[in-house]
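Secondary and tertiary structure notes
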Amino acid sequence: MLEKLEKEIELTEELLNGLPVNNKKNKERFLKEISLEMESYQKKIDDVKTELKRRLEPFENLKYEEISNNDVVLKNLLKALSYTNTLSTAYEKLDLDKIVYQLTNYSDDELINNNIKILKAINIFKAANCPLMVKDFNYTNEVHEYVPMFFEEGLTNQKIKEVFDNVYWKCPDIMIRVELNLRYLYLKNKARCEKYIELVNRQVKERFTKAETSILDDYNFLRRKQKEFSSKTNMILDFYNQNKDIEEYTDEKIAAITANLFKNNDYDESKIVVIKQLLNSLKEYKSYLKYKDLIDKARELYKDNIEKDYMKKTLKKISGLEGKLFKLNKKDASKESKTSTSKVEPEINAKIAEIKALYDEIDTNIFKVAIKEHIRDNSTLFKVLLLACQYYKILADYFKEKEEGITYDVIDQRIDELFDFTMDPSNTLINNVTILEERELSDIIITNYKMLNINIEESLADESSIESLISDLERIVTNYQMKVLGIPISKLRDAKMIKAIDLN
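Please read these numbers as outputs of a predicted model, since none were measured by experiment. (Residues numbered from 1 in each chain as written. Predicted model: local features only at pLDDT ≥ 70, side-chain atom pairs only at ≥ 80, totals over all residues. Heavy atoms only, no water.)

1. Regarding the overall build of the chain
Note the cut-off: Put simply, DSSP marks the helices as runs of H or I at least four residues long and the strands as runs of E at least two long, and each gets a number from the N terminus on. Atoms counted for the radius of gyration: C-alpha only. Globule rule: 2.2 Å times the number of residues to the power 0.38. The cut-offs for exposure are 20% and 50% of the maximum accessible area for each residue type, with area from a 1.4 Å probe on protein chains only; residues under the lower value are buried, those over the upper are exposed, and the others partly exposed. Note on contacts: a residue pair qualifies if any of its non-hydrogen atoms lie within 4.5 Å across the two residues.
Check the secondary structure of the chain and you find 23 helices and zero strands. Taken over the C-alpha trace, the chain has a radius of gyration of 35 Å; the compact-globule value for 504 residues is 23 Å, which it surpasses by more than 25%. Projected onto its principal axes, the C-alpha positions of the chain cover 125 × 60 × 45 Å. Burial analysis of the chain (504 residues in total) assigns 42% to the buried set. Restricting to contacts in the chain with at least 6 residues of sequence separation, those with at least 24 account for 77%.

See below:
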């Protein structure tokens, strides 16, 4: 069509150039011919625009398909897996460790949020068949004075502020004392909390033939289904709306990428399986690098020693100190004046400080304790990361070190991201490499794919190179999917050029 138009324009130019313009009559004729030609070409332009708009109609009429979201189901399955595994205690499974951690760091949050956490802890105990009463909050007289409001109807922010202001000036560490009281109540009700977890586990297992195995199978199935789902319509629209540039997915561009990857340029579509495997390996490796410092810390702690029965001995010391504290509480007359406080207040404060120091020591060593209890020489990196995901204290501290000023909401997001990576059914590296493996994972990947005639050594040199290779592999996979789904690359390229033209 273009050649035909070019020929017509050439003939028109010859015709117009041959017309005389030496007098008025000839000039009028000349102008009339030009006008007729302009009308003719305007009609052609309108016809072309109409045709171009017609070619866009199939794309314009498309709408994005709604993709089924399994996030809620996946989250519930992860919760079930966390409940049924043996890597943590009822304390962690009930999220009491999370509440206690945040109360330990109460200065990082607002007053109302800290009190919401206390109320949440009370409700957790209730849900775990350990209903608490005001008398259970007897760690110190100040705690006993502060907590009753949580058992009253219609608790308001104003009421919380009034009670807090009244107690705080007498006891600035009231939140620490409430935190210690909650730790004490868990240990006191530990057997009942564990019995509740066992009950929940039985209920979960009744729904699955093979319990943990079946839950994991369901989780893996949904994750794979979600990852592998491709909507033809959505893919077309992504290109049509130029969320992706179709020029980057042409056969020519893909051929250039595969020529660099395969040593003898022997790529064909039968090797798409290898490309997908490599893509998964690189994505896994990229995530591994993101959490490598956490894994390295676990390796160091695994090699360290810890006192035999450390937790048992330390909790016994705490129990002894608490016994002395409760005796002091009975002596505390709480008859204070402007000139003095209770005579036993200094001793109470000293005991609180000793107990707090021992709990802080436990918190500092909790990762090491967990590793010593659950990790062995043949344990994989998967188990190491899965273990870390069960302990809020470990990951909250880890992400705080990585991101200054991080909020608790963002910490929750980061923990979910790590858990999602750990549980990704496409993982192969962390599921097979042990905690004692000293080789670099990059060397393992390079060697594996070198045997498949794929050269990626330079692409693993740094993060940007890895990202670039991942992008190239995703283009190969997308190009393949377009062919499988019957998406015409040529029509999308035409559509891109048409959209660049002003058709109004």
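2. A word on a positive patch on the surface
This is how it is decided: Patches here: salt-bridge-free residues with over 30% relative accessible area, like charges joined within 9 Å, nonpolar side chains (Val, Leu, Ile, Met, Phe, Trp, Tyr) joined within 5 Å. Surface accessibility follows the Shrake-Rupley procedure with a 1.4 Å probe radius. Residue values consider only the protein chains on display as shielding. Any carboxyl oxygen of Asp or Glu that lies within 4 Å of a side-chain nitrogen of Lys or Arg is treated as forming a salt bridge with it. For the purpose of counting charges, residues Lys and Arg are taken to be positive, whereas Asp and Glu are taken to be negative. His and the chain ends are not included. In this description, the location of a charge corresponds to atom NZ of lysine, CZ of arginine, CG of aspartate or CD of glutamate.
On the surface, K324, K327, K330 and K331 cluster together into a patch of positive charge. Tracing the backbone through its elements, the reader meets K330 in helix α16 (residues 310–331). Relative accessible area serves as the criterion here: at 76%, K330 is assigned to the exposed category.

3. Brief notes about helix α17 (residues 345–374)
It helps to recall that an α-helix has 3.6 residues per turn; residues three or four apart then point in one direction. Note the following rule: Between the first and last residue of a helix there are one fewer steps than residues, each counted as 1.5 Å, and that sum is the expected span. Note that bend, as reported per residue, equals the angle between axes fitted to the 7 residues terminating at that residue and the 7 residues originating from it.
Spanning 30 residues, α17 covers 42 Å between terminal C-alpha atoms, matching the ideal 44 Å at 1.5 Å per step. Along α17, the sharpest kink reaches roughly 55°, centred on N365.

4. Digging into the nonpolar core
To keep it simple, the criterion reads: Only buried Ala, Val, Leu, Ile, Met, Phe, Trp, Tyr and Cys residues count toward a nonpolar core, and they belong to the same one when joined by side-chain atoms within 4.5 Å.
Formed by 128 residues in total, the largest nonpolar core has its most connected members in L94, Y146, L261 and I456. Setting aside residues no more than four positions away along its own chain, I456 makes contact with L261, L278, I445, I446, Y449 and L469. Core analysis: the next-biggest nonpolar cluster, separate from the first, contains 16 residues, L52, M235, I487 and A495 among them.

5. Looking at the pattern of salt bridges
Counting across every chain of the model gives 39 salt bridges. The partner of R177 in a salt bridge is D173, with the nearest N and O atoms 3.1 Å apart. Take D173: its relative accessible area is 22%, and that puts it in the partly exposed class. When salt bridges that share partners are traced, they join E179, R183, K356, D360 and D363 into one network.

6. Describing the environment of E179
Of note, E179 is situated in helix α9 (residues 174–188). Sequence separation between E179 and Y139 is 40 residues; the distance between their C-alpha atoms is 9.8 Å.

7. A word on the packing of aromatic side chains
This is how it is decided: Between rings of Phe, Tyr and Trp, where Trp is taken as its six-membered ring, a pair exists when centres lie within 6.5 Å; planes separated by under 30 degrees are stacked, by over 60 edge-to-face, and by other angles tilted. Criterion for a charge above a ring: Arg CZ or Lys NZ at most 6 Å from the ring centre, at most 35 degrees from the ring normal.
Counted under the stated rule, the structure contains 16 aromatic pairs. Taking the centre distance of 5.0 Å and the plane angle of 65° together, the rings of Y398 and F399 count as edge-to-face. The same class applies to Y398 as to F399, namely buried. Feature note: the residues Y146, F150, F164, Y168 and W169 constitute an aromatic cluster, connected by ring pairs. Cation over ring: K499 sits above Y240, and NZ or CZ is 4.1 Å from the ring centre.

8. A short note on unusual backbone geometry
A positive phi angle, close to 70°, is found at D95, a residue other than glycine. By the secondary structure assignment, D95 is in the loop between α4 (90–93) and α5 (96–104). With a relative accessible area of 29%, D95 lands in the partly exposed category. Despite not being glycine, D309 shows a phi value in the positive range, around 55°. Relative to the elements of secondary structure, D309 occurs in the loop between α15 (292–303) and α16. Given a relative accessible area of 43%, D309 falls into the partly exposed group.

9. Observations concerning α5
With nine of its nine residues buried, α5 lies for the most part within the structure. Looking only at α5, the buried set comprises L96, D97, K98, I99, V100, Y101, Q102, L103 and T104. On the buried face of α5, the contacting elements are α4, α6 (111–127), α9, α17, α19 (392–402) and α20 (408–422).

10. A few points about the packing of helix α14 (residues 272–290) against helix α21 (residues 441–450)
Definition in use: To define axes, lines are fitted to C-alpha atoms, for helices over the stretch in contact only, and angles between the resulting N-to-C directions are given on a 0 to 180 degree scale. Orientation labels follow simple angle bins: below 35 degrees gives roughly parallel, above 145 gives roughly antiparallel, 65 to 115 gives roughly perpendicular, and whatever is left gives oblique.
Taken N-terminus to C-terminus, the directions of α14 and α21 make an angle of 175°; their axes are 11 Å apart at the nearest point. What the angle tells us is that α14 and α21 run roughly antiparallel. Counting all contacts with α14, which are made through V274, Q277, L278, S281, Y285 and Y288, the residues of α21 involved are L441, S442, I445 and Y449.

11. Details of the packing of α17 against helix α18 (residues 381–388)
This is how it is decided: Whether a crossing is left-handed or right-handed is set by the direction in which the near helix is turned from the far one by less than a right angle, anticlockwise for left-handed and clockwise for right-handed. Nonpolar residues are Ala, Val, Leu, Ile, Met, Phe, Trp, Tyr, Cys and Pro. Charged residues are Asp, Glu, Lys and Arg, and all others, Gly as well, are polar.
The N-to-C vectors of α17 and α18 enclose an angle of 135°; their axes lie 11 Å apart at closest approach. It follows from the interaxial angle that α17 and α18 lie oblique. For the crossing formed where α17 meets α18, the hand is right-handed. Every residue of α18 that contacts α17 at F367, A370, I371 and H374 is listed here: K383, L387 and A388. Class assignment for the residues of the contact of α17 with α18 results in five nonpolar, one polar and one charged.

12. Some thoughts on the environment of L315
Along the polypeptide, L315 turns up in helix α16. Distance in space between the C-alpha atoms of L315 and I362 is 8.9 Å, their sequence separation being 47 residues. Excluding residues within four positions of it along the chain, L315 makes contact with L187, Y359 and I362.

13. Considering the side chain of D97
Rules: In protein, a polar contact means a hydrogen-donor-capable atom and an acceptor-capable atom, both N or O and within 3.5 Å, with residues adjacent in sequence counting only if both atoms are side-chain atoms; elsewhere, any N or O pair within 3.5 Å suffices.
Mapped onto the elements of the fold, D97 is located in helix α5. The charged side chain of D97 is buried without a salt bridge, its nearest counter-charge being K98 at 8.3 Å. Engagement of the side chain of D97 in a polar contact is seen with the backbone nitrogen of Y392, the distance being 3.1 Å. Excluding residues within four positions of it along the chain, D97 makes contact with Y91, E92, Q390, Y391, Y392 and K393.

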